[in-house]
Amino acid sequence: MILLLNTVKIVLIALNIIPNRMRHKKIMFFIYMGTLVTHVMMDEPRFAQPIPNVTVAVGRDANLPCVVEHLGTYKVAWIHIDRQMILTIHRHVISRIPRYSITYDNSNTWMLHVNQAQQEDRGYYMCQVNTNPMISQVGYLQVVVPPNILDIESTPSSVAVRENQSINMTCRADGFPTPKIIWRREDGQSITVERKKKVMVYDGDVLHLTKLSRNEMGAYLCIATNGIPPSVSKRIILDVEFSPMIWVPNQLVGAPSGTDVTIDCHTEAHPRAIIYWVYNQVMVLPSKKYIIDYNENSYRAHMKLTIKNLSAGDFGNYRCISKNSLGETEGSIRVYEIPLPATPSKQVTIAEPKETARVNDTTAKVSQPEILFPARPESNIHNERERNGPNSIQIERKGTLAIGSFSFTDSPPNEYGIISKANNINRRMLSEISATIMVFVNTLCISLKIRSSC
């Protein structure tokens, strides 16, 4: 308000000092001063708020607002600083890129639209008002790009290497920000790096594996991420090649005739091996006689052969053969016959007629002798003397093997072993020999005058 009053005073003073001869110029001067007063009374254009920094994924739309107050008759222009390109002036689009457009809300906001933003749209954008001097402000458009694996620069999806050799697997990716590469095994197993170090996750574009073993065979995942969804991955199958190997759990298998028997063998090979059975130089094929069962897991395989109703022609040597492009190996299993257990038969005892022999009025009962392994107590001996009489002959027991008196019994106790009739010894002859021995012993006792002790 003070500025307005001072301006009016200046105008009045100027009118009074102007000579009359210059009246024709008073009108022109008055118009000029009026215009000056109008400009003084009006506020200059200014930005109501800064341009925000905008982040958008590639292919999405982005909007940059420029809010100008008291624009008046001035013009607003948008400029892409990085490209040094004028995009719009006021309501007109200058750029020939159709993805750019401008809108005005008839208030104070001038909106720059970037449709389907591309990576080249990233950079600083200036909103400018053509005042004198010019005023402007700047905002930044960030166009982010999700990661993308570059197959042409990466290891193929399937790679093969011989066992105990080394390999470098590469995975390249682009995107903005720059993606981070990590490696994992699809089966969840650890990755062996630097020969002995095992890790679950490995960081880096290149995975270096040395002295590969068959246990490291499988699918490896290369995962690229930069914080912009979605993350991407590539599956690389690593094949470790080696010649076949065979393990036979049982090399000798026995079974009786008429039964079924199963033999088996385990093999490891890669590439996948052909496995089959051979008997008597002939390949065994599935039939009612032969049942072949085959299970495979990765580079391991387990094969079983069941032989039904064994007969004499089925016993012999069976070979399990494994063959692939790198080599061939075999395992041998011998099937032999086990006799069936004999059926136990009942023991038959034949009673023999008793015979008596009289020597010096001494009577001995003759029967099948018995062999007694446990020694009998002395009381049993004394009772036996009383039972057999004073002339019975006793033989001293030695150790744990004792021979009883020559007073035999027809039926030995069950707990003692008996001499079987299969010995083909004539019982009559055995009785005569026993009687002769008794006479000899009795005579010896009489001659030594120790009959009472015998």
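How each quantity is defined
- Residues numbered from 1 in each chain as written.
- Predicted model: local features only at pLDDT ≥ 70, side-chain atom pairs only at ≥ 80, totals over all residues.
- Heavy atoms only, no water.
- Helix = DSSP H or I, 4+ residues; strand = E, 2+ residues; numbered from the N terminus.
- Buried < 20%, exposed > 50% of the residue type's maximum accessible area, 1.4 Å probe, protein only.
- Contact = heavy atoms within 4.5 Å.
- Pairing = 2+ DSSP bridges.
- Axes fitted to C-alpha atoms, helices over the stretch in contact; angles between N-to-C directions.
- Patch = residues over 30% accessible without salt bridge, like charges linked within 9 Å, V, L, I, M, F, W, Y side chains within 5 Å.
- Areas by Shrake-Rupley, 256 points an atom, 1.4 Å probe, with all protein chains shown as cover.
- Salt bridge = Lys/Arg side-chain N within 4 Å of Asp/Glu carboxyl O.
- Phe/Tyr/Trp six-rings, centres within 6.5 Å; stacked < 30°, edge-to-face > 60°.
- Lys NZ or Arg CZ within 6 Å of the ring centre and 35° of its normal.

Caption draft 1: Structural context of unusual backbone geometry. A cis amide bond, omega 5°, links Asn 132 with the succeeding residue Pro 133. Topologically, Pro 133 is positioned in the loop between strand E9 (123-129) and strand E10 (135-149). The step from Phe 176 to Pro 177 runs through a cis peptide bond, and the omega angle for that step is -5°. Mapped onto the fold, Pro 177 is located in the loop between strand E13 (173-176) and strand E14 (180-185). Of note in the backbone geometry, His 70 takes a positive phi value of approximately 55° without being a glycine.

Caption draft 2: The environment of Leu 150, seen in detail. Summarising the element assignment, Leu 150 is placed in the loop between E10 and strand E11 (158-162). Of the residues examined, Leu 150 reaches a relative accessible area of 22% and is grouped as partly exposed. Here the alpha-carbon distance between Leu 150 and Cys 171, two residues 21 residues apart in the chain, equals 7.6 Å. For Leu 150, the contacting residues outside a window of four places in its chain are Arg 172, Ala 173 and Asp 174.

Caption draft 3: How the structure looks around the sheet that holds strand E7 (residues 100-104). Spatially, E1-E3-E8-E7 is the arrangement adopted by the four strands of the open sheet, whose pairing is antiparallel. Where the open sheet ends on each side, the last strands, each with one partner, are strand E1 (46-49) and E7. Neighbouring strand axes in the sheet, compared pairwise and without regard to direction, differ in orientation by 30° on average. One ladder, built from five bridges, connects E7 with strand E8 (residues 109-114); its direction is antiparallel. The residue of E8 that forms the bridge with Ile 102 is Leu 112.

Caption draft 4: Quick look at the environment of Pro 147. You can see Pro 147 is positioned in strand E10. Each C-alpha atom, one on Pro 147 and one on Ser 231, is 6.4 Å from the other, the two residues being 84 residues apart in sequence. For Pro 147, the contacting residues outside a window of four places in its chain are Asp 174, Gly 175, Pro 179, Ala 224, Thr 225, Asn 226, Ile 228, Pro 230, Ser 231 and Val 232.

Caption draft 5: Broad picture of a nonpolar patch on the surface. Side chains of Ile 81, Tyr 124 and Val 138 sit close together on the surface and give an oily, nonpolar patch of about 240 Å² of accessible area. Looking at the element boundaries, Ile 81 is found in the loop between strand E4 (76-80) and strand E5 (85-89). For Ile 81, a relative accessible area of 33% puts it in the partly exposed group.

Caption draft 6: Expanded view of the environment of Asp 264. Looking at the element boundaries, Asp 264 is found in strand E22 (residues 261-270). The exposure class of Asp 264 is buried, given its relative accessible area of 18%. Distance in space between the C-alpha atoms of Asp 264 and Gln 251 is 9.5 Å, their sequence separation being 13 residues. Filtering out sequence-adjacent residues up to four positions away, Asp 264 remains in contact with Val 248, Pro 249, Trp 277, His 302, Met 303, Lys 304 and Ile 333.

Caption draft 7: Broad picture of the packing of aromatic side chains. According to the stated counting rule, one finds four aromatic pairs in the structure shown. With a centroid separation of 4.1 Å and an interplanar angle of 20°, the aromatic rings of Tyr 104 and Trp 110 are classed as stacked. Assessed through its relative accessible area of 24%, Tyr 104 is described here as partly exposed. Take Trp 110: its relative accessible area is 2%, and that puts it in the buried class. Arg 99 extends its terminal NZ or CZ atom over the ring of Tyr 100, reaching a point 5.9 Å from the ring centre.

Caption draft 8: Examining the sheet that holds strand E27 (residues 316-324) more closely. The mixed open sheet is built from five strands, whose spatial order is E21-E28-E27-E23-E24. Bordering the open sheet on either side are strand E21 (252-255) and strand E24 (282-283), each of which pairs with just one other strand. Sheet analysis places strand E23 (residues 274-279) next to E27, joined by six bridges and oriented antiparallel. Following the sheet pairing, Tyr 276 is matched in E27 by Ile 321.

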